[in-house]
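Coordinate inspection notes
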There are 2 protein chains.
Amino acid sequence: MIALGIDPGTATLGFGVVALENGKLRLVDAGCIRTTPGETDAHRLRLIHRSLSTLLREHRPDRVAIERLYFQRNVQTAMTVGQARGIALLAAAEAGLEIDEPTPNEVKQAVCGNGAADKQQVASMVARLLQVGLDGVADDATDALALAIGCCYRAAARPRLAAG
Amino acid sequence: MIALGIDPGTATLGFGVVALENGKLRLVDAGCIRTTPGETDAHRLRLIHRSLSTLLREHRPDRVAIERLYFQRNVQTAMTVGQARGIALLAAAEAGLEIDEPTPNEVKQAVCGNGAADKQQVASMVARLLQVGLDGVADDATDALALAIGCCYRAAARPRLAAG
């Protein structure tokens, strides 16, 4: 199966695509969608929607994980992140995909076995699980890979019903 | 000119369409897009996106006003409203429209001449300006009409440059 993780934001939206094949994780793609601060929110959100729709068509993931954020610094930040998060939810719904909405703690728990792990621990576990170097990879992309890994684990852990 | 006002929300999104013709305001359409609490956010946002896209095709407004909200009760509410607001911004950008993003105070100032007007005063001025009765009309729809009226006023007040 293939999972797409999304760390939502308007200036920088991190994405990570991970495949789980025969119990083994593999990095497929990772990066950031960046938008220009001088542009209107509407244009930035449209760019995000287009870029995510292209990613979804390109990688055809089976599931999407979009971080559920509770602890924003302030209400204005929450509003701005919410706008980008809404676009991510829409793009995934348009693609007809099931959506996981884990909290940051749930992602850390899934990847590090510790819901209080710090950014460095998460990055180091992501690199180890995917057997790749992540030096120079943006935090948002690494976080998105962690989301995708957790999404693969949750899907694999779920009991499968025999098809009728 | 025709303006569409949007009062963003995931459970209830208010919309109001107003025409300004020869200096006179006219009610074109108003109502609410309501989504089901039991559904996922993703499905609710998709319904909102579809409904707004249909409204935009139907009424072909010249401008859209989407309320800019600063004073949410809490961060979680701001996140949820932000998601719906992101969808509204996207739909307007996809339609290639200019977007006003007034604060609630700016809307009250435009419609009532008083940025501290209460809901009742706003509703009463909206009814008077459009020369219609608004009994039984939802608050969100009335607020959206106020947004559309303010949008018409701002567009009319702007100096027009002679076309080359």
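Residues numbered from 1 in each chain as written. Chains lettered and ligands numbered in written order. Predicted model: local features only at pLDDT ≥ 70, side-chain atom pairs only at ≥ 80, totals over all residues. Heavy atoms only, no water.

The interface is formed by 24 residues belonging to chain A together with 24 residues belonging to chain B. Summed over both sides, the interface of chain A with chain B buries roughly 2,200 Å², with 70% coming from carbon and sulfur. Per-residue buried area on chain A facing chain B is highest for Val75, Met79 and Leu90 of chain A; these three make up 24% of the total on that side. For the pair chain A and chain B, the interface holds zero salt bridges. (Contact = heavy atoms within 4.5 Å. Buried area = accessible area lost by both parts, 1.4 Å probe. Salt bridge = Lys/Arg side-chain N within 4 Å of Asp/Glu carboxyl O.)

Looking now at the relation of the copies chain A and chain B. The pair of chain copies shares a relation made of a rotation about an axis and a shift along it. Taken as rigid bodies, chain A and chain B are interconverted by a rotation of 180° and an axial shift of 0.0 Å, the fit giving an RMSD of 0.0 Å. What the superposition gives is, in effect, a two-fold axis relating one chain to the other. Counting the interface residues of chain A, we find that 100% of their copies in chain B are interface residues as well, pointing to one common contact surface. (Least-squares fit on C-alpha atoms with pLDDT ≥ 70 in both.)

A word on the nonpolar core. Ile6, Leu52 and Val64 of chain A together with Ile6, Leu52 and Val64 of chain B are the most contacted members of the largest nonpolar core, which totals 46 residues. When residues no more than four places from it in sequence are discounted, the contact partners of Ile6 of chain A are Leu13, Gly14, Leu52, Val64, Ala65, Ile66, Glu67, Ala88, Ala144 and Leu147 of chain A. (Core = buried A, V, L, I, M, F, W, Y, C linked by side-chain atoms within 4.5 Å. Buried < 20%, exposed > 50% of the residue type's maximum accessible area, 1.4 Å probe, protein only.)

Residue and element names in this part refer to chain A. With mixed pairing, five strands are arranged side by side in an open sheet as S3-S2-S1-S4-S5. The sheet is open, and its two borders are formed by strand S3 (24-34) and strand S5 (98-100), each paired with just one other strand. On average, each strand axis in the sheet is inclined to that of its neighbour by 20°, with strand direction left out of account. Relative to S3, strand S2 (residues 12-21) runs antiparallel, the two sharing 10 bridges. Pairing of Glu21 across the sheet is with Lys24, part of S3. Those strands touched by helix H2 (residues 75-94) are strand S1 (2-7), strand S4 (63-66) and S5, and its axis lies near 170° from that of S4. (Pairing = 2+ DSSP bridges. Helix = DSSP H or I, 4+ residues; strand = E, 2+ residues; numbered from the N terminus. Axes fitted to C-alpha atoms, helices over the stretch in contact; angles between N-to-C directions.)

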